[in-house]
Amino acid sequence: LTVSGDCMRPALEPGDTVVLEPARRAPPRFGDVVLLRHPAGLRLHRLIWRPPLLAWRTKGDRSAFCDPALRPDDLLATVVAADPRRARTRSSWSALRSLAAAVAVRLHLRSA
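Remember, it's a predicted structure, so these values are computed and weren't measured experimentally.

A. Structural detail: the overall build of the protein. Across its full length, the protein carries one helix and five strands. Reading the helices (α) and strands (β) of the protein from amino to carboxyl end gives β-β-β-β-β-α. Relative to a compact globule of 112 residues, whose C-alpha radius of gyration would be 13 Å, the protein shows 13 Å and is just as compact. Based on the C-alpha atoms only, the size of the protein along its principal axes is roughly 40 × 30 × 25 Å. With 112 residues in all, the protein has 37% of them scored as buried. Considering only contacts within the protein whose residues lie at least 6 apart along the sequence, 59% involve residues at least 24 apart. Summing over all exposed atoms, the protein offers an accessible surface of approximately 6800 Å²; the carbon and sulfur share of this is 58%. Distance between charge centroids for the protein: 5 Å, based on 19 positive and 10 negative side chains.

Structure, rendered in C-alpha cells:
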C-alpha cells in the first residue's frame, strides 16, 4: 500500500510503501501502525489504547484527536514493514506520546 497522507509523519511519509498483514495473522500490539476502517475512509494510524475488554483507539501521530472507538471488524491489517525505513512502524514511545497529546488537548478543551 502506498501512503498518501502526512498524518503519520515522520514515521511514514507520503509516497512510502507499507507491507500489511491481515490482523488475524499479525495481531496488532500497542504502538503498531494499523490499517483501519474510519468513518471518512481507510486510514493508517497508530494503535494508542488497547485495554482488555474495552474498545481500541487509534490516532495519527500528527493528529490532535483520537479516532472513534474501533469495532473488531474495523481493524483490517497491521503494518509489518515500510520502505524506505525512516522510522519504526511499531513504537510504544510514539503511541504513549500520541496518547498524552490527545489527553492534553482534551483537558485543555474542557478547561476553556
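B. Fine view of the pairing of strand 5 (residues 75-83). Where strand 1 (residues 17-22) meets strand 5, six bridges bridge the pair, whose relative direction is antiparallel. Considered in strand 5, the bridge of valine 19 is made with alanine 81. Bridge count for strand 2 (residues 33-38) against strand 5 is three bridges, and the pairing is antiparallel. Bridging from a neighbouring strand, valine 34 pairs with threonine 78 of strand 5.

C. Local environment of the nonpolar core. Membership of the largest hydrophobic core is limited to ten residues, which are Val3, Met8, Leu12, Val18, Val33, Leu35, Leu44, Ala77, Val79 and Ala82. Within the residue set of this core, elements represented by two or more residues are strand 2 and strand 5. At three residues, the largest contribution of residues to this core is made by strand 5. Each residue touching valine 33, except ones within four places of it in the same chain, is listed here: Met8, Leu12, Leu44, His45, Arg46, Thr78, Val79 and Thr89. In terms of nonpolar packing, the next biggest core, distinct from the first, is built from five residues, Ala23, Val34, Leu36 and Leu70 among them.

Procedures and definitions
Residues numbered from 1 in each chain as written. Predicted model: local features only at pLDDT ≥ 70, side-chain atom pairs only at ≥ 80, totals over all residues. Heavy atoms only, no water. Helix = DSSP H or I, 4+ residues; strand = E, 2+ residues; numbered from the N terminus. Rg over C-alpha atoms; globule rule 2.2 N^0.38 Å. Buried < 20%, exposed > 50% of the residue type's maximum accessible area, 1.4 Å probe, protein only. Contact = heavy atoms within 4.5 Å. Areas by Shrake-Rupley, 256 points an atom, 1.4 Å probe, with all protein chains shown as cover. Lys, Arg positive; Asp, Glu negative; His and termini not counted. Charge placed at Lys NZ, Arg CZ, Asp CG, Glu CD. Pairing = 2+ DSSP bridges. Core = buried A, V, L, I, M, F, W, Y, C linked by side-chain atoms within 4.5 Å.

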